[in-house]
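Chain by chain, the residues:
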Amino acid sequence: MNQISPMAYVDPAAKLGDNNIIGPFCYIDKNVEIGDNNKLYNSVTVHTGARIGNNNEFFPGASISTKPQDLKFKGEETLCIIGDNNSIRENVTLSRGTASKGKTIIGSNNLLMENMHVAHDCVLGNGLIIGNSTKFAGEVEIDDNAIISATVLCHQFCRIGGFVMVQGGCRFSLDIPPYIIAGKEPTRFCGVNLVGLRRRGFSNETIDTIHDTYRIIYAQGVLKDGIAEARAKYPESKEVAYICKFIEESKRGVIRDLKI
């Protein structure tokens, strides 16, 4: 049975699962679907188009599936899809999609800290930690297990690789490849994310392979030459394959090591 505060509003057309807690002054619009065991503290707004999984926490002031801040948006019916076991903290804003992709996607097991923003058509993976007041513009993609610190500004259409650590206060308009630390000004490659990878169970041998791969790639004036060399040296490594494919598929280009 759901526990809905008498001071909350739930549109009759909204679909709620079981054992949800809806606190006072929450607003749940029509065309909303919420799974089981979610907790919405006071003053959470869930706009039309939200599709929410199970076991999520929404803290006061969160605004979910908001109208996109995109002048090309003409009121088309789009979605904001949220997985399971997410902690969405105070005043977080998550926009729904536009005609471009039709949906914004937030995966599972993420921590989205206070006052951060996810714009239209972004795709966020699983196991992410996103710091306070960080802002992602439209159609940003973030792979699993990335950590993005506070007050980071990310340009539209960028991609952030898995297992990265992005330093607080960074601003960037290039892609950030996987397994690295990105920081300084301008934002650039600052080495492999050693602590993060060890915490995630990567072996020393795998970490050495990742480090050597970036040494090879960034030492070359032309990235594709470095990619070819790295693939030839480590043909069986899935981590090397991920790095090389990420850089090859980058549309905006990747951050570089300015020391090279």
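Reading guide: rules and limits
Residues numbered from 1 in each chain as written. Predicted model: local features only at pLDDT ≥ 70, side-chain atom pairs only at ≥ 80, totals over all residues. Heavy atoms only, no water. Pairing = 2+ DSSP bridges. Helix = DSSP H or I, 4+ residues; strand = E, 2+ residues; numbered from the N terminus. Contact = heavy atoms within 4.5 Å. Axes fitted to C-alpha atoms, helices over the stretch in contact; angles between N-to-C directions. Buried < 20%, exposed > 50% of the residue type's maximum accessible area, 1.4 Å probe, protein only. Salt bridge = Lys/Arg side-chain N within 4 Å of Asp/Glu carboxyl O. Phe/Tyr/Trp six-rings, centres within 6.5 Å; stacked < 30°, edge-to-face > 60°. Lys NZ or Arg CZ within 6 Å of the ring centre and 35° of its normal.

1. Section: the sheet that holds strand 28 (residues 188-192)
Across the sheet, 11 strands lie side by side as 1-4-7-10-13-16-19-22-25-27-28; this open sheet has mixed pairing. Because the sheet does not close on itself, it has two edges, and the strands there are strand 1 (3-4) and strand 28. Judged from the two bridges that link them, strand 19 (residues 129-130) and strand 22 (residues 147-148) form a sheet pairing that is parallel. Its bridge partner being in strand 22, Ile130 is matched across the sheet by Ile148. Along the sheet, helix 2 (residues 204-219) contacts strand 27 (180-183) and strand 28; its crossing angle with strand 28, the most-contacted strand, is approximately 150°.

2. What about the environment of Asp208?
Among the structural elements, Asp208 can be located in helix 2. For the pair formed by Asp208 and Ser133, sequence separation is 75 residues and the distance between their alpha carbons is 34 Å.

3. Focus on unusual backbone geometry
Note on backbone geometry: most residues besides glycine have negative phi, and most peptide bonds are trans. Residue Glu185 is joined to Pro186 through a cis peptide bond whose omega torsion reads 0°. The phi angle at Ser133 is positive, at roughly 65°, despite the residue not being glycine. Mapped onto the fold, Ser133 is located in the loop between strand 19 and strand 20 (135-136). Phi angles above zero are rare outside glycine, and Phe163 is one such case at about 65°. Structurally, Phe163 is set in the loop between strand 24 (159-160) and strand 25 (165-166). We classify Phe163 as buried; its relative accessible area is 18%.

4. Some words on the pairing of strand 11 (residues 63-66)
For strand 8 (residues 45-46) and strand 11, the ladder comprises two bridges, and the chain directions are parallel. Considered in strand 11, the bridge of Val46 is made with Ile64. In this sheet, strand 14 (residues 93-95) lies alongside strand 11 in parallel orientation, the contact comprising three bridges. Each bridged residue has a counterpart across the sheet, and for Ser63 the counterpart in strand 14 is Thr93.

5. A word on the pattern of salt bridges
Taken as a whole and judged by the stated rule, the model has 13 salt bridges. We note a salt bridge from Arg231 to Glu248, for which the minimum N-O separation is 2.8 Å. Here the residue Arg231 occupies a position in helix 3 (residues 223-233), and Glu248 occupies one in helix 4 (residues 238-249), the gap between them amounting to 17 residues. Since its relative accessible area comes to 33%, Arg231 is described here as partly exposed. For Lys238, the salt bridge goes to Glu239, with nearest N and O atoms at 3.2 Å.

6. Here's the deal with the sheet that holds strand 20
Reading across the sheet, the nine strands line up as 2-5-8-11-14-17-20-23-26 and stay open at both edges, with parallel pairing between neighbours. The open sheet has two edge strands with one neighbour each: strand 2 (9-10) and strand 26 (171-172). In this structure, strand 14 lies alongside strand 17 (residues 117-118), joined through two bridges in parallel fashion. Bridged to Thr93 within strand 17 is His117.

7. Side note on the packing of aromatic side chains
Counted by the stated rule, this structure contains 10 aromatic pairs. Look at Phe163 and Tyr179: their rings are 5.8 Å apart centre to centre, the planes differ by 20°, and that puts the pair in the stacked class. Of this pair, Phe163 sits in the loop between strand 24 and strand 25 while Tyr179 sits in the loop between strand 26 and strand 27, and the two are 16 residues apart along the sequence. Judged by centre distance (5.7 Å) and plane angle (25°), the rings of Tyr214 and Tyr218 are stacked. With Tyr214 and Tyr218 both in helix 2 and four residues apart, the pair spans about one turn of that helix. Exposure class is identical for Tyr214 and Tyr218. Each is buried. Stacked on the ring of Phe59, the Lys or Arg Arg89 has its end atom at 3.8 Å from the ring centre.

8. What about the environment of Pro178?
Structurally, the position occupied by Pro178 is in the loop between strand 26 and strand 27. According to the relative accessible area criterion, Pro178 is buried, its value standing at 0%. Separated by 126 residues in sequence, Pro178 and Ile52 place their C-alpha atoms 28 Å apart. Apart from residues no more than four positions distant in its own chain, Pro178 is found in contact with Gly161, Gly162, Val164, Tyr214, Tyr242, Ile243 and Phe246.

The values are spatial; any link to function lies outside them.
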